[in-house]
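The primary structure of each chain is shown beneath.
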Amino acid sequence: MIKEIVLDDTNVKVNHYESKKVNDLHLISIVFNVTSEDYHDIAVLLYKGTFDVKVPAQDLFFKGSIHQYSTSITNLYEKGQVGEYKLSLLEVPN
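All values reported here derive from a predicted model rather than from experimental measurement.

1. What to know about the overall build of the protein
Next up, step 1: Counting secondary structure elements, the protein contains 1 helix and 7 strands.
Next up, step 2: Buried residues in the protein amount to 37% of all 94 residues.
Next up, step 3: Intrachain contacts of the protein at a sequence separation of at least 6 include 53% that bridge at least 24 residues.
Next up, step 4: Within the structure as shown, the protein displays about 6000 Å² of accessible surface, and the carbon and sulfur contribution to it stands at 48%.
Next up, step 5: Taken together, the 9 basic and 13 acidic charged side chains of the protein have centroids lying 2 Å from each other.

Written out as structure tokens, the structure is:
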């Protein structure tokens, strides 16, 4: 079971992980929690759109872009809030 991935140099602890191939490209989907304390850093990271994606437990590494993204809460500026993020990353062809 995958518990963590790395986006660029940021470790992301995942609650749910799925992977498959689409036209010979990696597509991973994750669900993870973001606290109000981590919100700013995660938001800045996700705005980049494209990342070095590492899944250490699978020895998987690829350049990926956001394919789908959603969150359960839009206002994580309020202290003590936790949002559930759903993110799918599709490998960028070379």
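So that's the structure; there's more coming.
2. Some remarks on the environment of Gly-83
Next up, step 1: One can find Gly-83 in strand β7 (residues 82-91).
Next up, step 2: When its relative accessible area of 1% is taken as the criterion, Gly-83 is described as buried.
Next up, step 3: For the pair formed by Gly-83 and Thr-71, sequence separation is 12 residues and the distance between their alpha carbons is 6.5 Å.
Next up, step 4: Residue contacts for Gly-83: discarding those within four places in its chain leaves Phe-32, Asn-33, Val-34, Ser-72, Ile-73 and Leu-76.

3. Observations concerning the pairing of strand β6 (residues 60-71)
Next up, step 1: In terms of strand pairing, strand β5 (residues 50-55) meets β6 through 6 bridges, oriented antiparallel. Bridge assignment links Val-55 to a residue of β6, and that residue is Leu-60.
Next up, step 2: Hairpin connection from β5 to β6: 4 residues lie between these consecutive antiparallel strands, with Asp-59 at a positive phi of about 50 degrees.
Next up, step 3: Here β6 runs beside β7; their pairing, made up of 7 bridges, is antiparallel.

4. Concerning the sheet that holds strand β3 (residues 16-22)
Hydrogen bonds along the backbone pair up the strands of a sheet, which may run parallel or antiparallel.
Next up, step 1: Read across the open sheet, the 7 strands follow the order β2-β1-β5-β6-β7-β4-β3; overall the sheet is antiparallel. Each having just a single partner strand, β2 (10-13) and β3 make up the two edges of the open sheet. Neighbouring strand axes in the sheet, compared pairwise and without regard to direction, differ in orientation by 35 degrees on average.

5. A short note on the pairing of β5
Each regular strand carries side chains that alternate between the two faces of the sheet.
Next up, step 1: Side chains of β5 alternate between two faces, with Phe-51, Val-53 and Val-55 buried and Thr-50, Asp-52 and Lys-54 left unburied.
Next up, step 2: Where strand β1 (residues 4-7) lies against β5, 2 bridges are found, and the strand directions are antiparallel. Paired with Val-6 across the strands is Lys-54, a residue of β5.

The rules behind these values
Residues numbered from 1 in each chain as written. Predicted model: local features only at pLDDT ≥ 70, side-chain atom pairs only at ≥ 80, totals over all residues. Heavy atoms only, no water. Helix = DSSP H or I, 4+ residues; strand = E, 2+ residues; numbered from the N terminus. Buried < 20%, exposed > 50% of the residue type's maximum accessible area, 1.4 Å probe, protein only. Contact = heavy atoms within 4.5 Å. Areas by Shrake-Rupley, 256 points an atom, 1.4 Å probe, with all protein chains shown as cover. Lys, Arg positive; Asp, Glu negative; His and termini not counted. Charge placed at Lys NZ, Arg CZ, Asp CG, Glu CD. Pairing = 2+ DSSP bridges. Axes fitted to C-alpha atoms, helices over the stretch in contact; angles between N-to-C directions.

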